[in-house]
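Results of the structural survey
What follows is the residue order along each chain.
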Amino acid sequence: MRSKAEVLYSLKDKNKHFLIPKMIYFSRREWDKKRSLLIRKISHTFKGAKVAIRSSSTKEDTKNFSNAGRYLSFLNISSKNKKLVTKKIENIFFDYTSKHKKNYRDQILIQEMVKNVKMSGVIFSQDLENGAPYYCINYDDITGKTNTVTSGLNRYSNKSLYILRGKEKALRSERFIKIIRATKELEKKLNSDRLDIEFSLDKKGSFVLFQVRGLKKIKRL
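The model shown is predicted, which means the values in this text are computed figures rather than measured ones. (Residues numbered from 1 in each chain as written. Predicted model: local features only at pLDDT ≥ 70, side-chain atom pairs only at ≥ 80, totals over all residues. Heavy atoms only, no water.)

Scanning the model with the defined rule gives 7 aromatic pairs in all. Ring centres of Phe-26 and Trp-31 lie 5.7 Å apart, and the angle between their planes is 20°; this geometry places the pair in the stacked category. Here Phe-26 matches Trp-31 in class, with each residue buried. Measuring from centroid to centroid gives 5.9 Å for Phe-93 and Tyr-96, while their planes differ by 70°, and the two rings are edge-to-face. Note that Phe-93 and Tyr-96 are positioned in helix H4 (residues 82–99) at a spacing of 3 residues, about one turn of the helix. Phe-93 gets classed as buried once you look at its relative accessible area, which sits at 1%. Taken together, the aromatic side chains of Tyr-71, Phe-93 and Tyr-96 make up a single cluster linked through ring pairs. (Phe/Tyr/Trp six-rings, centres within 6.5 Å; stacked < 30°, edge-to-face > 60°. Buried < 20%, exposed > 50% of the residue type's maximum accessible area, 1.4 Å probe, protein only. Helix = DSSP H or I, 4+ residues; strand = E, 2+ residues; numbered from the N terminus.)

This part takes up the sheet that holds strand S7 (residues 159–164). Strand order in the open sheet formed by 5 strands is S7-S6-S5-S8-S9, with antiparallel pairing between adjacent strands. The open sheet terminates on both sides in strands that have one partner only, identified here as S7 and strand S9 (207–214). Each strand of the sheet is rotated relative to its neighbour by a mean of 20°, with strand direction disregarded. Where strand S8 (residues 195–202) and S9 come together, 7 bridges link them in antiparallel fashion. When the sheet's bridge partners are listed, Phe-199 is paired in S9 with Leu-209. Taken strand by strand, helix H6 (residues 174–190) contacts strand S5 (117–124), strand S6 (134–140), S7, S8 and S9, and its axis lies near 125° from that of S6. (Pairing = 2+ DSSP bridges. Axes fitted to C-alpha atoms, helices over the stretch in contact; angles between N-to-C directions. Contact = heavy atoms within 4.5 Å.)

The next thing to look at is the pattern of salt bridges. The full count for this structure, using the stated rule, is 9 salt bridges. With a closest N to O distance of 3.0 Å, Asp-141 and Arg-175 form a salt bridge. Pair noted here: Asp-141 is in the loop between S6 and helix H5 (148–151) and Arg-175 is in helix H6, with a separation of 34 residues, a long-range link. Arg-175 sits in the partly exposed class, given a relative accessible area of 30%. (Salt bridge = Lys/Arg side-chain N within 4 Å of Asp/Glu carboxyl O.)

Rendered as structure tokens:
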């Protein structure tokens, strides 16, 4: 089964309805063997821009369960601060081994931080409770941050919209039309209608994909 980082990397080119931030990823084995080279690659790739340093563990995504949010991630890290980047990567690898047996296939995903965020959130392509055919969008269109919904720690993190599958044409909001178009493109590319999608819309109205994973199996109504 592909990791979160590998799935995202496979989607990065020739997408009509969504964008993927500049990204790189590597395994624990690669980090142990060529740490200095990877730190230089990070610095060269992102050229001083702020980055998100995220988990991409072998234990995060399976067909039967999800460990979304279980592992550490760090936002707004300066890619030119090599010491800090190294520390945050080590923090995540340490976090892995504190929760499961050391696995050299565990990965780190590094993405460029997105600027000018107008809206961010999470989309589930079916109801989490019972598998009903609704697109469930939880979003924040106030703060301009990318993690308020996933953290659940902000008073603007609890806006929700449910859209019955097959009734998308009833939408009148351009931003939600774009979100559903992008979600349908992802469903087609991944051949799945059980997706958990972390996204943002920038001020130009572009849909930006941060990560996508499969939902655990749910007994349908």
